[in-house]
Amino acid sequence: MTSVDQRQGLRPLVSSTVAFALALMVMITLHELAHAVAALALGLSPVLGPFSVDTGGVTAAQNATTAAAGPLFSLVSGLILLALPRFGTPFVRVFVLWFGLVSFQEFSGYLITGLFVPDGDVGTVLSATGAPFWVGVLAFVVGVLGTAWAGRAATARLLALVDPASVVGDQLRRLGLFAWLLGSALALVLSAAQFGSGGNGLFEMLGTVTVGLFLCFVRVFMRRLDVPGEALRFGWPWVGIGFLLVVAVLRQILLAGGLAL
């Protein structure tokens, strides 16, 4: 492989990685803000953190409402972003794609964990409402199906970004699987001092990594979908890197110590 080929292969990976990390950190911030806004609407005094919110709820209804607000916001925002027409530079396109998919997966992921993690958003809703066991099982099934759907959507969108004249599988791994793993690792590094302690912190870190779990389905769908590629030419994502650093710094300054609203 020539140096030109190596750069052309590296640029999509770097662009998609930065876009994934940026989309992930913005999504998490907005998800937590949705919890806080719901708490404010109920007359509570929430404290917004980087990965959690102390809503100040005291009743089961308040806890269920504020807990449900985050996943529902992520679901709606994710579907809206995925429904947008494709526009902008290659970096903008992968950013919008990741933003929509990780938002949708945030909802699906909480449905999956609700049966097993009582302190998670859906787990809190199930506990606060006294939902029977079968409701948790149904939520789990819907979450798994949602993850599979996100994987199919990701495959179709990524196939449209690759050059059909080159090895499609290699391009999909760079744009998808590797970008997820490297992007989530980058988000972890940029948020290293912001996770909670004990089990909550571990759950937050696992959630940050597993939000791209839908990409495990790309291999399943890549040969079943006939989507023509556009052979987009990626550049170095300098602007995206700048935005990523700004978001990371603002989260550290404003949220690391808890922002009372």
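Structure: above.
Attention in this report is confined to the structure presented alongside it. (Residues numbered from 1 in each chain as written. Predicted model: local features only at pLDDT ≥ 70, side-chain atom pairs only at ≥ 80, totals over all residues. Heavy atoms only, no water.)

What to know about the pattern of salt bridges
Pairing is possible between side chains of opposite charge, provided their charged atoms come close. Applying the stated criterion to the full structure yields one salt bridge. Measuring nitrogen to oxygen at the nearest pair gives 2.4 Å for the salt bridge that ties Arg173 to Asp170. With Arg173 and Asp170 both in helix H6 (residues 168–190) and three residues apart, this pair spans about one turn of that helix. According to the relative accessible area criterion, Asp170 is partly exposed, its value standing at 32%. (Salt bridge = Lys/Arg side-chain N within 4 Å of Asp/Glu carboxyl O. Helix = DSSP H or I, 4+ residues; strand = E, 2+ residues; numbered from the N terminus. Buried < 20%, exposed > 50% of the residue type's maximum accessible area, 1.4 Å probe, protein only.)

Topic: the nonpolar core
With 54 residues, the main nonpolar core has Phe95, Trp98, Leu101, Leu158 and Leu215 as its most contacted residues. Counting only elements with at least two residues in this core, the list comes to helix H1 (3–41), helix H2 (60–83), helix H3 (90–113), helix H4 (121–129), helix H5 (133–159), H6, helix H8 (218–221) and helix H9 (238–255). For this core, the leading source of residues is H3, giving 13 residues. Beyond its immediate stretch of four places on either side in the chain, Leu101 contacts Leu82, Ala150, Ala153, Ala154 and Phe214. (Core = buried A, V, L, I, M, F, W, Y, C linked by side-chain atoms within 4.5 Å. Contact = heavy atoms within 4.5 Å.)

Some thoughts on a nonpolar patch on the surface
Taken together, the side chains of Leu30, Leu33, Val37, Leu40, Phe73, Val246, Val249, Leu250, Ile253, Leu254, Leu259 and Leu261 present a nonpolar region at the surface, about 980 Å² in accessible area. At five residues, H9 tops the list of elements feeding residues into the nonpolar patch. Looking at where Leu250 falls in the secondary structure, it is placed in helix H9. Judged by its relative accessible area of 43%, Leu250 is partly exposed. (Patch = residues over 30% accessible without salt bridge, like charges linked within 9 Å, V, L, I, M, F, W, Y side chains within 5 Å. Areas by Shrake-Rupley, 256 points an atom, 1.4 Å probe, with all protein chains shown as cover.)

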